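Structure assessment
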Amino acid sequence: MYLITGATGSIGRPLVDALLAQGAAVRVISRDPAAAAGLPAGVDVVQGDPRKPEPHVFQGISALFVHPRAVGEEAAGRLVSAAAEHGVRRVVVMSAINVDEEPAHQPSRYNGDRNREVEEAIVQGPLPWVSVRPTSFALNTVAMWAGQIRAGDVVRGPYADFAEALVHEKDVAETIARALQDDALDGRYLPVTGPQSLTQAEAVAVIGEAIGRPLRYEEIPAESAAQGMVRFGGLSEPFVQALLARYARGAGRPAVVAAPTGASGPTGRIGRTFAEWAADHAAAFGGTGR
Ligand SMILES: NC(=O)c1ccc[n+]([C@@H]2O[C@H](COP(=O)([O-])OP(=O)(O)OC[C@H]3O[C@@H](n4cnc5c(N)ncnc54)[C@H](OP(=O)(O)O)[C@@H]3O)[C@@H](O)[C@H]2O)c1
């Protein structure tokens, strides 16, 4: 049986689905009983804080998934030590593709995420480990653009030529599911990306194709975009400044695309395209979905 933290979130839900689809038994520990109630039948839900689980939570568990936001920096080392003491044999942690960059260049740190520190605690811990390092989630485009797309055919934003190989959350989840089950991957950092580098302008056009509307990206100056993100997007000023600095550094350059998954297991690319992702999520942009 696999113990999953962060199971009520955007990666945890498809991770639970992927494990169940492969016939695995799943236990989830969540602080949020209402959200956990929406998990599929057959999941063993333990209500509790994943930062300080009771020992019985580890009973019958072979491998643990550590979600960096759900567990956090302070508890990660303690959690993996407790897991080892209670018979768990392996651990998979999620981190991010950019964790080796300067902290000031990682916008997520300004939201409080500590991917590097959580990963390091797992790597230094007593169990065989795998670190899954996704690039930007395709899901981010819902928060960034869905409001504008619902209101019209033009998305206004900075750096039209900033490119990403946006990854489908199911590809991240399936990579984690494989890493939990396959000890051939132990000791590896696995970057996970989508199969194509797309500029922001291209990604908006792909969403347009999925919802049957001629969407286009209109570049606006970074400073106006920043004001809008802070004033209307509810984002903090330091987060926005780190995000814009990241766009400025990468603009005009193709994004890194990880090597494809090989016969020996996931090496970084399962391969769902952004067009597939947009078709799966068309409803979020006012389309009819599939
Ligand atoms: N967005 C990206 O492009 C991207 C790319 C690479 C890496 N990442 C990293 O991936 C992580 C986010 O993954 P996600 O989208 O799956 O997370 P998420 O959906 O926001 O949350 C995952 C789980 O964390 C717990 N949680 C949520 N907010 C919390 C908070 N403020 N404090 C404590 N626990 C909280 C919840 O677990 P309970 O059920 O226990 O409440 C939730 O199910 C971050 O560390 C981020 O830096 C993101």
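Details of the structure are given in the entry above.
An account of the accompanying structure is given in this report. (Residues numbered from 1 in each chain as written. Predicted model: local features only at pLDDT ≥ 70, side-chain atom pairs only at ≥ 80, totals over all residues. Heavy atoms only, no water.)

**Notes on the overall build of the protein**
When helices and strands are counted, the protein shows 10 helices and 11 strands. In terms of C-alpha radius of gyration, the protein reaches 19 Å, essentially the compact-globule figure of 19 Å for 290 residues. Seen through its principal axes, the protein has C-alpha atoms that stretch 55 × 40 × 40 Å. For the protein, with 290 residues in total, the buried portion stands at 49%. When contacts within the protein are restricted to residue pairs at least 6 apart in sequence, those whose partners lie at least 24 apart make up 76%. Here the protein has roughly 12,600 Å² of accessible surface; of this, 51% comes from carbon and sulfur atoms. Within the protein, one finds 27 positive and 32 negative side-chain charges whose respective centroids are separated by 2 Å. (Helix = DSSP H or I, 4+ residues; strand = E, 2+ residues; numbered from the N terminus. Rg over C-alpha atoms; globule rule 2.2 N^0.38 Å. Buried < 20%, exposed > 50% of the residue type's maximum accessible area, 1.4 Å probe, protein only. Contact = heavy atoms within 4.5 Å. Areas by Shrake-Rupley, 256 points an atom, 1.4 Å probe, with all protein chains shown as cover. Lys, Arg positive; Asp, Glu negative; His and termini not counted. Charge placed at Lys NZ, Arg CZ, Asp CG, Glu CD.)

**Things to note about the pairing of strand β5 (residues 90-94)**
Taken across its 5 residues, β5 has 5 buried, putting it largely inside the fold. Side-chain alternation along β5 places Arg90, Val92 and Met94 on one buried face and Val91 and Val93 on a second face that is also buried. As paired elements, strand β4 (residues 63-66) and β5 share 4 bridges and run parallel to each other. Paired with Leu64 across the bridge in β5 is Val91. In this view, the connection linking β4 to its parallel neighbour β5 by way of helix α3 (residues 68-85) has right-handed handedness. Of the strand pairs in this sheet, β5 and strand β6 (residues 129-134) are connected by 4 bridges, and their pairing is parallel. (Pairing = 2+ DSSP bridges. Right-handed = clockwise from strand over helix to strand, strands pointing away.)

**Let's talk about the pattern of salt bridges**
The full count for this structure, using the stated rule, is 19 salt bridges. Between Glu119 and Arg116 there is a salt bridge whose closest N-O contact spans 3.3 Å. Residue Glu119 and its partner Arg116 are located together in helix α4 (residues 115-123), separated by 3 residues, close to a single helical turn. With relative accessibility at 0%, the residue Glu119 sits in the buried group. Judged by relative accessible area, Arg116 falls into the partly exposed class, the value being 24%. (Salt bridge = Lys/Arg side-chain N within 4 Å of Asp/Glu carboxyl O.)

**Section: the nonpolar core**
Formed by 31 residues in total, the largest nonpolar core has its most connected members in Ile4, Leu15, Leu19, Ile176 and Leu180. Contributing elements (two or more residues each) for this core: β1 (2-5), α1 (12-21), β2 (26-30), β4, β5, β6, α6 (169-181) and β9 (188-192). Broken down by element, the residue count for this core peaks at 6 residues, all from α6. Non-local contacts of Ile4, meaning those with residues more than four positions away in its chain, are made with Leu15, Leu19, Val26, Arg27, Val28, Ile29, Phe65 and Leu180. In terms of nonpolar packing, the next biggest core, distinct from the first, is built from 23 residues, Ile29, Val66, Leu79 and Ala121 among them. (Core = buried A, V, L, I, M, F, W, Y, C linked by side-chain atoms within 4.5 Å.)

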